[in-house]
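Read off the chains here:
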Amino acid sequence: MSKNNNHFIAIIGGAVSGSTAASTLLDKGYKVAIIEQNARPYGKIEDGLPIWHQKQREQEYAKIDQKLDHPNLYFIPNTKLGTNISFDELTNKIKFSAIILAIGAWKDRPLPLKKSDSLINKGLIYQNKFIYWFNHREDINSLKENIQVIDGAIIIGGGLASIDVAKACQIELFIKAVREIKNIILDVEKIETNGIPKTCEKIGIAYKDLNIKGSTILYRRTATDMPLADIPDNATVQMIEKIKNVRSKILQKAKDKFLFNFEELSTPNKFLIKNGKINGIQIKKTELVDGKLIVTHKTKDIQTTQVISSIGSIPEPIEGIMMEGETYKVKDKNLGIYTEIDGIFLTGNVVTGKGNIRDSLKHAEKVSAYVANQYLSPLNNDLEDTAVKKVENFLAQKKELSNADLEIIQEKIIKLQSRVNYHNNYKEWISASQ
Ligand SMILES: Cc1cc2nc3c(=O)[nH]c(=O)nc-3n(C[C@H](O)[C@H](O)[C@H](O)COP(=O)(O)OP(=O)(O)OC[C@H]3O[C@@H](n4cnc5c(N)ncnc54)[C@H](O)[C@@H]3O)c2cc1C
């Protein structure tokens, strides 16, 4: 059992899940280092949530700041695992007591269509890049490249993020058209709150006069199958019906407010290409037979020069981290235990695969409690799971670090911080990076 709490834990990624894990461990008296690739540790909150979530964004920033502004927290910004520090260096050279990967999912799942790779920026855009552009589009200097939303863009996907992409497209087209026709500059947040029809009423314009065709979400199943509201594992038939109804309503409400189109039971089949660029997309109609998806031979060509893929994000491969399919190899997903090396854990989006703040936060609380209670102090044992027990038996031999070991780790951390001119004053750093 830990007396001095002489443990130093490294957490990679400082956003919702990383900061939550850090806070739990700091509360137990451990020292924590956070290695973060960006200057600011806000992750998907800053660059994933569309800009109209301004209030939620500010609230989440404040929660992260509160968790990371702690005397035993060593923040290391602008340091990317896999680029500025290798996985080998992290796991073998610095003798951390445990390592938690909280690096989210930043790679767009590749669209499984022929020629996708060669059509990127030639009509094909992936969601992460698109939302980043949307959020930063008024600050042209911070953009590596500009994106032009094309009227009639096709969005492939079916989750909440695909609805956000459709909303962003519609809002952008609407703002542009109103500026051209009425010379009025509209505000994104106000349009998001009021919706397009109400905004039209307010400014005295008929939507049809703007001649916007609108973007279209293509989804392979039906509206009631869209993962817009979770169905719990133990849901009754009535509950499932209710949740499916909620999903339809969420979609309908978004369609009514932002006037995008929705084409269900459709899966992309191939790109239509002209002069090396996208000129359309061919879809195949699908059918659901006893809940099973059947792709039919019925095809339809849709003319468009822009396709935005919103089929999910997956973790970025990092040299040295073992993968299993699209994700990192885990022994226990629930507790985020990495398979290959003991003492390495994963938490948040990187392992839950669920793109929502609450799930990332809850998972981080669970993993960090496990790290603290079962891994670092294995005598505090109230978990019955056999796989976990196996790890615990090994970890029961885990000794606390000596003061000399702690000092060596601290020295290495200070070196990493000096590389990026960070002087262990979180508040000062954050206010300078606004
Ligand atoms: C378009 C969109 C809309 C969304 N809307 C909602 C919503 O309405 N409600 C909701 O609850 N959730 C929403 N989400 C999801 C939510 O934002 C995320 O699930 C949550 O913020 C994930 O937190 P995380 O800490 O697990 O991962 P992230 O926020 O991805 O954090 C990972 C951190 O690790 C850092 N990192 C990554 N790789 C490295 C590396 N190699 N080295 C060092 N640091 C690294 C990143 O910079 C980042 O700070 C949305 C997401 C998207 C994309």
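For clarity, every value in this text was computed on a predicted model and none was experimentally measured.

Looking now at the overall build of the protein. Broken down by element type, the protein carries 15 helices and 19 strands. A globule of 434 residues ought to have a C-alpha radius of gyration of about 22 Å, and the protein, at 24 Å, matches this closely. Its C-alpha atoms give the protein principal-axis dimensions of roughly 75 × 50 × 45 Å. In the protein, 65% of the contacts between residues at least 6 apart in sequence involve partners at least 24 apart.

Not every positive phi belongs to a glycine, and N183 is a case in point at roughly 60°. By the secondary structure assignment, N183 is in the loop between α7 (160-182) and α8 (188-194). A positive phi angle, near 55°, is found at N211, a position not held by glycine. With respect to the helices and strands, the residue N211 is situated in the loop between α9 (196-203) and β8 (216-218). Owing to a relative accessible area of 66%, N211 belongs among the exposed residues under this scheme.

Attention shifts here to the packing of aromatic side chains. The description of an aromatic ring pair uses the distance of the two centres, along with the angle that the planes make with each other. In total, this model carries ten aromatic pairs according to the counting rule given. Here the aromatic rings of F75 and Y426 are separated by 5.3 Å at their centres, their planes lie at 80°, and the arrangement is edge-to-face. Of this pair, F75 sits in strand β3 (residues 73-76) while Y426 sits in helix α15 (residues 426-432), placing them 351 residues apart in sequence. Comparing F75 with Y426 shows no difference in burial state: the two are buried. One aromatic cluster is present, formed by W52, F130, W133 and F134 through successive ring pairs. In this structure, K44 is placed above the aromatic ring of W106, and the distance from its NZ or CZ to the ring centre is 4.7 Å. One cation-aromatic arrangement involves R137 over F134; the distance from NZ or CZ to the ring centre is 4.5 Å.

Of all ten residues in helix α6 (residues 127-136), eight are buried; the element is thus mostly enclosed. Of the positions making up α6, those classed as buried are Q127, N128, F130, I131, W133, F134, N135 and H136.

Turning our attention to the sheet that holds strand β7 (residues 154-157). Two pairing modes exist for strands in a sheet, parallel and antiparallel, and in both the strands are linked by backbone hydrogen bonds. Reading across the sheet, the five strands line up as β6-β13-β7-β8-β9 and stay open at both edges, with parallel pairing between neighbours. What marks the edges here is a single partner per strand, and that holds for β6 (124-126) and β9 (261-263). Averaged over all adjacent pairs, the angle separating strand axes in this sheet is 25°, with direction ignored.

Of all residues in the protein, 93% have pLDDT values of 70 or greater, and the mean over the chain is 89. Across residues 378-396 the pLDDT falls below 50, and counting only partners more than four positions away or on other chains, this stretch makes 32 contacts in the model.

Right, let's talk about α9 for a bit. Taken together, the buried positions of α9 are occupied by I196, T199, C200 and I203. Buried positions in α9, seen along its axis, are confined to an arc of 105° and lie on one side of it. Counted as exposed and oriented over 90 degrees from the buried face of α9: K198, E201 and K202. Those residues of α9 that are buried are in contact with α7, α8 and α10 (237-258). Downstream of α9 by a residue or two, G204 has a phi angle that is positive, lying close to 70°.

By size, the foremost hydrophobic cluster in this structure holds 41 residues, and its most contacted members are F130, F174, L251 and F260. Take this core: its biggest share by element is eleven residues, from α7. Apart from residues no more than four positions distant in its own chain, F130 is found in contact with I125, I147, V149, V165, A168, C169 and I308. With 37 residues, the next largest nonpolar core counts L26, Y42, W429 and I430 among its residues.

What follows is about the packing of α7 against α9. For the pair α7 and α9, interaxial distance at closest approach is 12 Å and the crossing angle is 15°. Between α7 and α9, the crossing angle belongs to the class labelled roughly parallel. Viewed along their axes, α7 and α9 form a crossing whose handedness is right-handed. The residues of α9 that touch α7, namely those facing Q170, F174, V178 and K182, are I196, T199, C200 and I203. Each residue belonging to the contact of α7 with α9 can be placed in one class, and the counts come to five nonpolar, two polar and one charged.

At their nearest, the axes of α6 and α7 sit 11 Å apart, and the two run at 40° to each other. Classified by the interaxial angle, the pair formed by α6 and α7 is oblique. Along this stretch, α6 crosses α7, giving a crossing that reads as left-handed. Counting all contacts with α6, which are made through Q127, F130, I131, W133 and F134, the residues of α7 involved are A161, V165, A168, C169 and E172.

Thresholds applied
Residues numbered from 1 in each chain as written. Predicted model: local features only at pLDDT ≥ 70, side-chain atom pairs only at ≥ 80, totals over all residues. Heavy atoms only, no water. Helix = DSSP H or I, 4+ residues; strand = E, 2+ residues; numbered from the N terminus. Rg over C-alpha atoms; globule rule 2.2 N^0.38 Å. Contact = heavy atoms within 4.5 Å. Buried < 20%, exposed > 50% of the residue type's maximum accessible area, 1.4 Å probe, protein only. Phe/Tyr/Trp six-rings, centres within 6.5 Å; stacked < 30°, edge-to-face > 60°. Lys NZ or Arg CZ within 6 Å of the ring centre and 35° of its normal. Pairing = 2+ DSSP bridges. Axes fitted to C-alpha atoms, helices over the stretch in contact; angles between N-to-C directions. pLDDT = per-residue confidence, 0-100. Arc of directions from axis to C-beta. Core = buried A, V, L, I, M, F, W, Y, C linked by side-chain atoms within 4.5 Å. Parallel < 35°, antiparallel > 145°, perpendicular 65-115°, else oblique. Left-handed = near helix turned anticlockwise from the far one by under 90°. Nonpolar A, V, L, I, M, F, W, Y, C, P; charged D, E, K, R; others polar.

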